[in-house]
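Descriptive structure summary
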Amino acid sequence: MPKILIVDDDQDFVSAVAIVLESAGYQVATAYSRDTGMQIFNQENPDVVVLDVMMQEPDDGFVMAQDLKKIRPEVPILMLTSVGQVTGMDFDKDEDLVPVEVFEQKPIMPGRLLERIRELLNK
Amino acid sequence: MPVIDRTQINEEIKALKAQYGQDRSALLPILQSFQEKYGYLPDIIMQETAHALGIHPVEVEGVASFYSFFRRKEPQGKYVLRLCKTISCDLAGKEKVARQLENELGIKFGETTKDKLFTLEYTNCLGMCDQGPALMVNDRLFAHVTPDKVPQIIADCRRGFIKSEFPKVVPSDVKKEGPILSHNLKAGDGLKSALNLSRSAVINLVRESGLKGRGGAGFPTAVKWQLAGAAQSDKKYVVCNADEGEPGTFKDRYLLYHHTDVMFDGMTIAAYAIGATQGFIYLRGEYLYMKKYLEETIEKRRAANLLGNNILGKEGFNFDIQIRLGAGAYVCGEETALIESLEGYRGEPRNRPPFPVDTGFQKHPTIVNNVETFIDAALICAKGAKWFNEHGTEKSSGTKLFSVSGDCERPGIYELPFGITIAQLLKEVGGENAKAVQIGGASGKCVARQDFDRTIAFEDISSGGSIITFGPDTDMLKVAINFMEFFVEESCGQCTPCRDGNPKLLEGLKLLERGRCSMTYLNELMRLGETIQLASKCGLGQSSPNAFLSILANFKSEILGRVPEKE
Amino acid sequence: MEDKDKAITESTVRAPKSTTPSQVKAPENIGAIGATVKVTIDGHEVRVPLGTTILQAARTIGIKLPTLCHHEDLCISGVCRVCVVEVEGMRTLQASCAYPITQPITVHTHSRKVRQARRHVIDLLLSRHYGECYSCVRNNNCELQALAREYGVDFYRFGHVNKPTYGRDDSSYAIVRDMDKCILCRRCVRTCIDLQEVGVYEAVERGAKTRIGTFMDNPMAELICINCGQCINRCPTGALHANDPSDAIWAAIDDPTKHVVIQTAPAPRSAIGECFGLQPGTPLTFEMNTAMRYCGFDKVFDTNFSADLTIIEEGTELILRLYKALVKKEPAYLPQFTSCSPGWVKYIEHFYPEMLDYVSSAKSPQQMFGALIKTYYAEINNIDPADIVTVALMPCTAKKFECNRPEMNSSGFKDIDYGLTTRELAGMFKEAGIDLPNMPKSDFDDPFGTRTGSGVIFGATGGVMESAIRTVYELVTGEKVENLFEHARIIPVRGFEGIRYAELPITKVGPVPDILKHLVSDWEWLKGITLKVAVAHGTANAKKVLENIKAGGKLSECHFIEFMACPGGCLGGGGMPIPTNEEIRAARARAIYAEDEASEVRKSYENPAVIRLYKEFLVDGPCGHKSHNLLHTHYIPRGKKLV
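Note that this is a predicted model, so its numbers are computed, not measured. (Residues numbered from 1 in each chain as written. Chains lettered and ligands numbered in written order. Predicted model: local features only at pLDDT ≥ 70, side-chain atom pairs only at ≥ 80, totals over all residues.)

Considerations on the pairing of strand S6 (residues 237-242) of chain B
All names here are of chain B. Quick reminder of the rule: Partly exposed residues are those falling between the two cut-offs: more than 12 but fewer than 20 other C-beta atoms within 10 Å of their own, whereas 20 or more means buried and 12 or fewer means exposed, with C-beta atoms placed from the backbone. Counting from the N terminus, the helices are DSSP H or I runs at least four residues long and the strands are E runs at least two residues long. The criterion for strand pairing is that DSSP finds at least two bridges linking the strands in question.
With 6 of 6 residues buried, S6 lies mostly within the body of the structure. Side chains of S6 alternate between two faces, with Tyr-237, Val-239 and Asn-241 and Val-238, Cys-240 and Ala-242 buried alike. Sheet topology places S6 next to strand S9 (residues 366-370); 5 bridges connect them, and they run parallel. Paired with Val-239 across the two strands is Val-368, which belongs to S9.

This is the structure in structure tokens:
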């Protein structure tokens, strides 16, 4: 079964996403910071990464996405962040600065999340 | 005084709008033009300007009254004499100059002579702290003013001929150069290196260098750029904070003139990294004399394709820079207040979130960086991250420019690595016998001898570069009073703790001066100081009681033990 | 949507950017992952929708954080700093009103630092707040006073001013400014600039000298102030209050030669209970009647009468304008604007003087009533109008200005002598020792007595339009409006949406009723027409409508537009009990619509007192010569320039 790494500093959110993904049959690995996220990525070789933007540093997610693309560009990234709707921040993917395959805003309906994951895995 | 005619004013407003923009962001430049022409802002001008910009007259009045360079009632004299009253000039003997100016003109500060020739005013820091006392006559500067120089200056004005000491710019005493100041780069060098990289590579280079904002707050520059770069918008802005208002700092004055192109390179690199098309230099009103020079430099850069469209052949990279002048408000050094000011509002700091990187100038992503930060960034692009971060400490990489003034042998500009101890610094500047050092200006900390082994770095004592040394005979209570007078005037007046708290601290100091402040009340005021630090809305408000608290903490016995002055 | 219609949907708020809210919106779908976020407040865990402020989150678990600059109707400001809390991991205290929760946080609302900061903020504000509570109009209803009590202020820690700095400005008929009591929360600034787009106030100067100023420090009477009093409703202290005429009214009552009558507008009855500790929306119509008689008013009339009269006059005027446009094909000023709200009237006089011809020439119900009392009523009761004192109980401060307009004296005397607000009448009751909620009930006096539903809904935004539709539809089609709208509830014009638009197709027409026969012979020319109407409340919305009309947008095709200066209409008026917010206004609206439903007469043209008036007194009919003299007026293109 495909393995998905979730990196987000909001532990509640991570477990909510994990439940949804696990019940759909995926294997799940989690991390609450960029540093551990990178470590687990290297250990576990996930098939998809679900990534938050603002963690310890406000741009951690962007930096991590750039770093991941340097190591294994073929692993798709789903960036999932709350900043969009709530604070008026308007981020989106950018080939260079935000190298992710899918950009989604929190909150997200479970169905939509699974659909996007499936799309990424089928690519 | 020219006759004020409604039709004519509206013609003038129309022309000014064509020059500065149709929306409210043109307000300050328009008011500045009128102030210059008429010597003040008559009611009718405020009203007509408001209606032309689609805002309310009282809003224009609110703005005009916020900035100390605007006048609303009677016109100023033909010559406005502004004497700096901030701490360094105060230490250098501004009081005697003030008395002589009053004697010579027969008016008090705040007044205008009957013949409407002279207006006498105090002003806060002119950025001449190493050469005080400083006096500004309209846009001309005078340094090292002594009482016996006063009659000549006034006589020259009367003859209609101000013999300017400095035709273009104030010479600065650079006492020590480091890697930054001795860069040897030509215009465009840093920019060329950057344009060879991808946008993310530029940001990562800056990240790798560990560059943090040189204004004093120390926010990582790369994070700011990355967030603004990732933000989606049809317009993004790069703003250079050249509103050097912190008492005791004058290094930007030097950088703006002597490293102009590197600074413009830095701004242009930032624009490339975040995808901005428009830049502003928010130049403090006191540096008006530099505006023409900066504009000429911008013009040259346009000619050299360092600004404009498809810069240096980079397809689709378009960027240009405008200069906007401040109008005498210290708080506009705070980045959100600066943006408010650019937009034509009172310079009142905003709530955060939202942050300027996504909701900045006119709600578009905006980065605001200090002059020195842009220069550092340009040099990092040209010379690499390692060249930069081999200096300094782990958390505070690179070297820092310091503006040194006060009681020391060699005031001037120093480039020193972060992590230097205060004792080392004092040795460098010839201030070993200082009883205390003010690090970081009015909003900084007063450090006494027992702490001279502490370091200047973001992780220890942070500083935007202002170093004011106090000799052994300095009356620390007077110093504290000077700083608090500064904040009472310069607070934006928005939030309760800073607006209403600082006057109480000042009042308390004056009670102490007269020997009328009980220990209980003094303790209450120290707690109030803590509240101002914790509960004020913006960073400047939060730092406003720092001087008060650190001076009282370090010199309590000196202050409490003093003999009260006769009333 | 066309570009020119953008103005009505996009915000025109020009609030200083420092005070615009941080776009906090609750997520649309609460079932989504991450729709809520955990916040721990004083050890209690609670999940709140992403973006909820700490202030709101604390309220959900029963913790009330103190506020001063915060007001539900206004954008976030975050300047008073009294609502600060400690958020773990943050160096400084955070203003809970301006802190949207986007990630799990732990909050302490009463730690030592927080308590100290709050107390200091309150003490600092008190140190510059001149005056003593017992001589203040807001005594017992003052937010600063309440905080001082809640936080145990028992001495002035940082002193207290003992001399006034600014003095009081009572130049305006409507609004008194007492800036010595101002605590610089800037609610009035945000109200006047954002909510109303009038722009009388702004902060001027800076630092310790900061104060709220008017343009060139002009007194209130000489400004572009529209007297709406919304600033009063949102002022936390007594710095802004209404110009209270109750002493003069008592003097008139005391004078045996004076015949003192009072008319009562629809809105106050739904709210005056709030001044006596009752819930908003508790109607006290009949108790109030008795109480007014106890006070010594000789007669108590219902403004509903003249509200219905307004519908007849204004409706007739509309028909005449339509006739001019549709039949004679002459330019007529359409859409016709309502003229009941004196704040709105002064707004358009100042800001859109070129559009004054669109405003109905009908006087407001208050003034119509006054004119009739000093003519018709004086005549039939054989009282010298010189001896009649007319008082108008209104939810409104602008009515105080309106009754003092020099042109409002068609009887030769002032139509209305005094405009009295809900708050001020409650004050008179208290002075007279009247326990209002426990008064016996009594009805209004004749000859204007009949309460009508069509009059009472004038108190809510959309009410004038609803009454107009009920009457015009039935007069033109001969059909019952109930055929179109259940229980005659014209739902499309109700509610609190800033601008509302409705269409009413006229598919068939009936005979012209007698009352209008002198003006038109048949309705055939209206057949097939779709009547387009709009409703706007709050002058910021009015501005959007006017701009849309000027740009030739959708609203320029309207036939009739109702404007109310105050958000929510009269029930949100500047003379209503304080505080106000959306919830309170909605409760008052419910009371008003309930009274409508309980009324026997719910259509203006069926009001027997109105029918009698046209039969006995205004014999040349609506918009006839006599009504023109007494019930219609003209406007002054004031413009917005002061110099």
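Observations concerning the interface of chain B and chain C
Condition: Any residue pair is listed as a contact if its two C-beta atoms, each placed from the backbone, are within 7 Å.
With 45 residues of chain B at the contact, the number on the chain C side is 45 residues. Within the residue set of the side of chain B that touches chain C, elements represented by two or more residues are helix H3 (43-53), helix H4 (57-66), helix H18 (476-490), helix H19 (496-513) and helix H20 (519-535) of chain B.

A short note on the nonpolar core
Residues and elements named next belong to chain B. Under the convention used in this document: Put simply, a nonpolar core is a cluster of buried Ala, Val, Leu, Ile, Met, Phe, Trp, Tyr and Cys residues tied together by C-beta atoms within 7 Å.
Judged by nonpolar contacts, the single largest core of 404 residues is most densely connected at Ala-270 and Met-484. Top contributing element to this core by residue count: helix H12 (residues 260-274), with 10 residues. For Ala-270, the residues in contact, after removing those within four places along its chain, are Trp-225, Val-238, Ile-367, Asn-369, Phe-374 and Ala-377.

Describing the packing of helix H10 (residues 221-230) of chain B against H12(B)
Residue and element names in this part refer to chain B. Selection rule: Each axis is a line fitted through C-alpha atoms, and for a helix only the stretch in contact is used; angles between axes span 0 to 180 degrees, taken between their N-to-C directions. Note on terminology: angles under 35 degrees are roughly parallel, angles over 145 are roughly antiparallel, angles of 65 to 115 are roughly perpendicular, and the others are oblique. Classification used: nonpolar for Ala, Val, Leu, Ile, Met, Phe, Trp, Tyr, Cys and Pro, charged for Asp, Glu, Lys and Arg, polar for all others including Gly.
Close contact between H10 and H12 brings their axes to 8 Å; oriented N to C, the two are set at 45°. Comparing the axis directions of H10 and H12 gives the class oblique. Between H10 and H12, the contacting residues are Trp-225, Ala-228 and Gly-229 on the first element and Ala-270, Ala-273 and Ile-274 on the second. Along the lines of polarity and charge, the residues of the contact of H10 with H12 split into 5 nonpolar, 1 polar and no charged.

Things to note about the environment of A:Arg118
Tracing the chain through its elements places A:Arg118 in helix H5 (residues 110-122). The spacing of A:Arg118 and A:Val20 is 98 residues in sequence and 13 Å in space, taken between C-alpha atoms.

A few points about the domain arrangement of chain B
Using the following cut-off: Domain boundaries shown here were taken from an automatic or database domain assignment.
Split into domains, chain B comes out as domain 1 (6-66), domain 2 (79-158), domain 3 (174-389), domain 4 (399-470) and domain 5 (476-560). Taking only C-alpha atoms into account, the centre of domain 1 of chain B sits 37 Å from that of domain 5 of chain B.

Here's the deal with the sheet that holds strand S12 (residues 436-439) of chain B
Residue and element names in this part refer to chain B. Taken in spatial order, the 6 strands make up an open sheet running S5-S11-S10-S14-S12-S13, and their pairing is mixed. Two strands in the sheet have a free side with no partner beyond their single neighbour: strand S5 (174-176) and strand S13 (445-448). Strand-to-strand, the axes of this sheet are offset by a mean angle of 30°, without reference to chain direction. Relative to strand S11 (residues 412-417), strand S10 (residues 399-406) is paired through 6 bridges, and the arrangement is antiparallel. Bridged to Thr-399 within S11 is Pro-417. On top of the sheet, helix H17 (residues 422-429) reaches S5, S10, S11, S12, S13 and strand S14 (466-470); it is set at about 140° to S11, its chief contact.

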